[in-house]
Amino acid sequence: MKSIKVNVGKGYNIFIEKGILNHCGDYIKQVSGASKVCLISDTNVIKLYGDTVKQQLMQVGFDVCQYVFEAGEASKKPETVISMVEFMAENELTRGDLVVALGGGVCGDMAGFAASIYLRGIDFVQIPTSLLAQVDSSVGGKTAVDLPQGKNLCGAFHQPILVLIDPNTLDTLTPHFFSDGMAEVIKTGCIKSASLFDKIESKDAKSIIDDIIFECVSIKAGVVERDEREHGERALLNFGHTPGHAIEKLHGFTTISHGEAVGIGMVMIAKAGEANGITPVGTADRIAGVLQKYSLMVSDSNDLASIISAMNMDKKRSADSIKFVLLHSIGDSFTQSINNEDIPRFFGLE
Ligand code: GLY
């Protein structure tokens, strides 16, 4: 088993182990004195792992209630979270009780948000089952839902008390969802680790996935420790996300996945960096090559002007500018605010 400690607030552990789901109850019991656990999952994941996790929780003495929502990004809206907290109230969860999120990024983001607002905040545990959630979203305490105006616009910082990662759950992922997670792995290499990027470029990521998860989580844990609330360094984790979120919004959050959109966003930003003399020429092609290797897209059907216009609700904006993440080179990133009137030119539109 591999473990990583995230020293934020009270601090919490991330355990990575094949088969950890089969003894998750013991780990959870060690960190929570709850009587009741609200297990939150989606309609796909509950069928695969619901019984195992529920049985584990009951075996160590928790009283378990279960909330299941329709799988997919379309569920990631305020109404679903309100329904979750109403369910917790109906089941009389108290401040000492616990939420366990079993699923991908949508599940973790929503269950975490529900835990952050129910009774003004109760504990939650993340059991991420998708690659995207294992390498990125389950770590660091960002929780949110989408609004019609944009992605993740309504949420809270609420750190989990424990993250349990079972790489065996990746065996049931469709190739599409594996690719989706690879976009965040590629992003991690781009912003922080040229060696990670080289590795996934030269090897088959699937064959070394345990190491890749460990490397991504270690990098992310370090960033979150140094900058929990995204006042500085944490913003680097948003590389490709500003155009990516705009693309997701243009597709109504349904016909394109988060990873696909972020992949296109990374190529857009790298190209803009090259055109503006910031990023070495050839970087965008190299990123595009790795994205294609993992069956991800490198361009979108929407034109550049529409994507730029859809960026206007991004969280990283201020009144007169948007903060973009750019690359000095693969593995070396920085942020730069660009004035609204200069953004079209920065992306080569004028
Ligand atoms: N996924 C970006 C972050 O956690 O900051």
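Residues numbered from 1 in each chain as written. Predicted model: local features only at pLDDT ≥ 70, side-chain atom pairs only at ≥ 80, totals over all residues. Heavy atoms only, no water.

K.L.:
How do you make sense of the sheet that holds strand β5 (residues 98-103) when you look at a structure like this?
P.N.:
What holds strands together in a sheet is hydrogen bonding between their backbones, with the strands either parallel or antiparallel. The seven strands lie next to each other as β1-β2-β9-β6-β5-β3-β4, forming an open sheet whose pairing is mixed. Single-partner strands in this sheet number two, and they are β1 (2-6) and β4 (63-69). Geometrically, the sheet is characterised by an average inter-axis angle of 15° between neighbouring strands, direction not taken into account. Of the pairings in the sheet, the one linking β1 to strand β2 (residues 12-16) comprises five bridges and is antiparallel in character. (Pairing = 2+ DSSP bridges. Helix = DSSP H or I, 4+ residues; strand = E, 2+ residues; numbered from the N terminus. Axes fitted to C-alpha atoms, helices over the stretch in contact; angles between N-to-C directions.)

K.L.:
Can you walk me through the side chain of K151 in this structure?
P.N.:
Within the secondary structure, K151 sits in strand β8 (residues 150-157). Within the local environment of K151, its side chain forms a polar contact with the side chain of E248, the two groups lying 3.0 Å apart. (Polar contact = N/O pair within 3.5 Å; in protein donor to acceptor, adjacent residues only side chain to side chain.)

K.L.:
What's the story with the site of the ligand in this structure? I'm lost.
P.N.:
The ligand sits among D136, K142, K220, R234 and L237. Contact distances for the ligand include 2.5 Å between an oxygen atom and a side-chain N or O atom of K220. R234 places a polar side-chain atom, nitrogen or oxygen, 2.7 Å from an oxygen atom of the ligand. Isolated, the ligand exposes 190 Å² of accessible area, and the fraction of that covered by the protein chains is 90%. (Near = heavy atom within 4 Å. Areas by Shrake-Rupley, 256 points an atom, 1.4 Å probe, with all protein chains shown as cover.)

K.L.:
Would you mind showing me how to read helix α10 (residues 258-275) here?
P.N.:
Think of an α-helix as 3.6 residues a turn; residues three or four steps apart then line up on the same face. Look at α10: 26 Å from first C-alpha to last across 18 residues, which is about the 26 Å you get at 1.5 Å a residue. With its phi angle positive at about 75°, G277 sits one or two positions after the end of α10. (Expected span 1.5 Å × (residues − 1).)

None of this, on its own, says anything about what the molecule does.
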